[in-house]
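Read off the chains here:
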Number of protein chains: 2
Amino acid sequence: MSEVLKIFKIGGGIIDDTAQLSFFLSELARVGGKKIVVHGGGKGANELLTTLGMLPNMVNGRRITDAATLDVVTMFYAGKTNKQIVALLQQVGVNALGLSGADGNVIRAIKRPVGEIDYGFVGDLPEQSINTELIQLLLEGNLTPVFCAITHDGHGQLLNTNADTIASTLARALAHFYQVELHFCFEKDGVLADVNDESSVIPQITPSLYTDLKASGAIAAGMLPKLENAFAALEAGVAKVIIENALKINKPVKTILCRD
Amino acid sequence: MSEVLKIFKIGGGIIDDTAQLSFFLSELARVGGKKIVVHGGGKGANELLTTLGMLPNMVNGRRITDAATLDVVTMFYAGKTNKQIVALLQQVGVNALGLSGADGNVIRAIKRPVGEIDYGFVGDLPEQSINTELIQLLLEGNLTPVFCAITHDGHGQLLNTNADTIASTLARALAHFYQVELHFCFEKDGVLADVNDESSVIPQITPSLYTDLKASGAIAAGMLPKLENAFAALEAGVAKVIIENALKINKPVKTILCRD
């Protein structure tokens, strides 16, 4: 059996709170074995855009990224957030190394084609977008890659890219070499059987249970796309997808998605 | 004889001019063998500080870096400038990978002690500050490391650090493993015998010629600290120090500093 690789995706909420971020990173230091971190943006980039007089332009929860916005989010994600996380991980003994997709050509994206909406400088990830050789070189060198949500097109253009998509694309590509656990860390303890009861975390969901849960309407609508993506990742060879509280990664409470 | 490693330090002027920067990087792509880029800041960081209402605070040409300034210069150097250079190098076929000193603990600095002036979050580089093992791993993987002028102290604190100092400290540390050529690229063609004559580039300066030139007062005062550092690097094992025009790195005109 190949070695376990744990990929942790963390999102906005925890990045905006320095104390929570430090706590998460110190808990991450206690997780043994090979690991990767993928981080989203947080509110800081929007605050900086606003301060600079550029109103964040969101359509259906997605950012329209013009050239000036791309400059600012690149500074914020690849500069401030990424280096802060790397420096804090170094402090707790994790040999982290921050990456955008341009670094070592590690994630080559395709600028999203202009359809009804022009999303601007936004990157989509085709199959084969991941330079698995470089990631293996780093992992085998006992480094922990830390990815921000910026990629490139290989022709000199940086691109803003969804961090969830980066995490699942990395997981799928690296599943050829490792037994990959993809951890989506957020502010709840897992997938809830009853959205009004925080203690109703479902410990394990298989595709057949998922079919039942969907039919019964038990799962919160907002959770459905995350779960669809998760089961697609499992189909593609990822060993486990785990949905858990970013502050409780070393606690038993969490939802584990796995094949039947 | 060990393999040649060329370290190119580029400064503010060329970074501020996108066309010149692209030209330099395309010329760099024609330079064979192992190489490293170290880049300074440019005026962009000062413009951003000013836009954000933070007046750049310089004393004797050195920036006083308070916490808010550090945030901005980290965003600018490690985010915008570094990723722009990396993406442009990828475009011209150089497998560049951007690094701050925190990434892979590659440069661990010491916060400058508070003396008559408190420089704030500024890092000095002791001997042994360079993680040569990681740099060798990257170079042997055919990657071109691109360093910005941000380091860390290993205890979670990022530090603003002089790019010339980073370049010479890298050169000295890597001289144990490679035949290092340290290239300081700027807007003139080399060290001038007559400061009023741009064509009076001195092709080669040895320590004995340097002694003569200093005695005759021929060398511009502003060049003296650069040359002192260069000869110190040669003393410490660096094979050559080259002072050249960033736009003419593949032309023969330049000043080569080497031992007698």
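About the cut-offs
- Residues numbered from 1 in each chain as written.
- Chains lettered and ligands numbered in written order.
- Predicted model: local features only at pLDDT ≥ 70, side-chain atom pairs only at ≥ 80, totals over all residues.
- Heavy atoms only, no water.
- UniProt positions renumbered as here; feature names shortened; annotations may be inferred.
- 1 Å grid on protein atoms, 1.4 Å probe; cavity = no way out; pocket = protein on both sides within 12 Å on 5 of 7 lines; lining within 4 Å.
- Points joined across faces, edges and corners; volume = space filled by probe spheres on them.
- Helix = DSSP H or I, 4+ residues; strand = E, 2+ residues; numbered from the N terminus.
- Nonpolar A, V, L, I, M, F, W, Y, C, P; charged D, E, K, R; others polar.
- Domains from an automatic or database assignment.
- Buried < 20%, exposed > 50% of the residue type's maximum accessible area, 1.4 Å probe, protein only.
- Pairing = 2+ DSSP bridges.
- Polar contact = N/O pair within 3.5 Å; in protein donor to acceptor, adjacent residues only side chain to side chain.
- Contact = heavy atoms within 4.5 Å.

If you check an unreviewed UniProt entry, chain A appears there as Acetylglutamate kinase from Hymenobacter qilianensis. Recorded in UniProt for chain A, the comment headed Function (unreviewed entry) runs: "Catalyzes the ATP-dependent phosphorylation of N-acetyl-L-glutamate." Under the Pathway (unreviewed entry) heading, UniProt states for chain A: "Amino-acid biosynthesis; L-arginine biosynthesis; N(2)-acetyl-L-ornithine from L-glutamate: step 2/4."

A. Seen up close, the layout of surface pockets. All names here are of chain B. Roughly 1,200 Å³ of volume is contained in the second largest pocket. Surrounding the second largest pocket, 40 residues form its lining, Lys 9, Gly 40, Gly 41, Asn 162 and Ala 163 being those nearest its centre. When residues of the lining of the second largest pocket are traced back to their parent elements, those giving at least two are helix H1 (12-15), strand E4 (62-63), strand E7 (123-124), helix H6 (163-174), strand E11 (179-186) and helix H8 (224-235). Looking at the lining of the second largest pocket, its residues break down into 14 nonpolar, 18 polar and eight charged. Residue-level mapping places the lining of the second largest pocket at the junction of two domains, with at least three residues from each of domain 1 (4-186) and domain 2 (189-260).

B. Structural context of empty space enclosed by the protein. Residues and elements named next belong to chain A. Overall, the coordinates contain one cavity of 30 Å³ or more when judged by the stated rule. Roughly 30 Å³ of internal volume is contained in the largest cavity. Along the walls of the largest cavity sit Leu 49, Met 54, Leu 55, Pro 56, Asn 57, Arg 63, Ile 64 and Thr 69, which together make up its complete lining. Split by residue class, the lining of the largest cavity holds five nonpolar, two polar and one charged.

C. Fine view of the pairing of strand E2 (residues 34-39) of chain A. All names here are of chain A. The buried count for E2 comes to six of six residues, which makes it a mostly enclosed element. The sheet contact formed by strand E1 (residues 4-10) and E2 spans six bridges and is parallel. When the bridges of E2 are listed, Phe 8 appears paired with Val 37. When E2 meets strand E8 (residues 144-147), the two strands line up parallel, connected through two bridges. Pairing of Val 38 across the sheet is with Phe 147, part of E8.

D. Representation of the side chain of Asp 189 of chain B. Residues and elements named next belong to chain B. Along the chain, the position of Asp 189 falls in the loop between E11 and strand E12 (204-205). Since its relative accessible area comes to 13%, Asp 189 is described here as buried. A polar contact is formed between the side chain of Asp 189 and the side chain of Asn 245, at a distance of 2.9 Å. Residue contacts for Asp 189: discarding those within four places in its chain leaves Val 201, Ile 243, Glu 244, Asn 245, Lys 248, Val 253, Lys 254 and Thr 255.

E. Just the UniProt feature "binding site: substrate" (unreviewed entry) in chain A, in detail. Residue and element names in this part refer to chain A. Mapped onto this numbering, the UniProt entry gives "binding site: substrate" (unreviewed entry) at Gly 41, Gly 42, Arg 63 and Asn 160. Considering the C-alpha atoms alone, the annotated residues occupy 120 residues of sequence yet fold into one spot, their largest mutual distance being 13.8 Å. Within this annotated set, the largest cavity is lined by Arg 63. On the secondary structure map, Gly 42 appears in the loop between E2 and helix H3 (44-51). Given the relative accessible area of 22%, Gly 42 is considered partly exposed. With sequence-adjacent residues up to four places away left out, Gly 42 is seen in contact with Gly 12 and Asp 16. Tracing the chain through its elements places Arg 63 in strand E4 (residues 62-63). Note on Arg 63: relative accessible area 12%, which makes it buried. Look past the residues within four positions of Arg 63 in its chain and what remains in contact with it is Ala 45, Asn 46, Leu 49, Pro 56, Asn 57, Met 58, Thr 69, Val 73, Tyr 77, Tyr 119, Val 122 and Asn 160.

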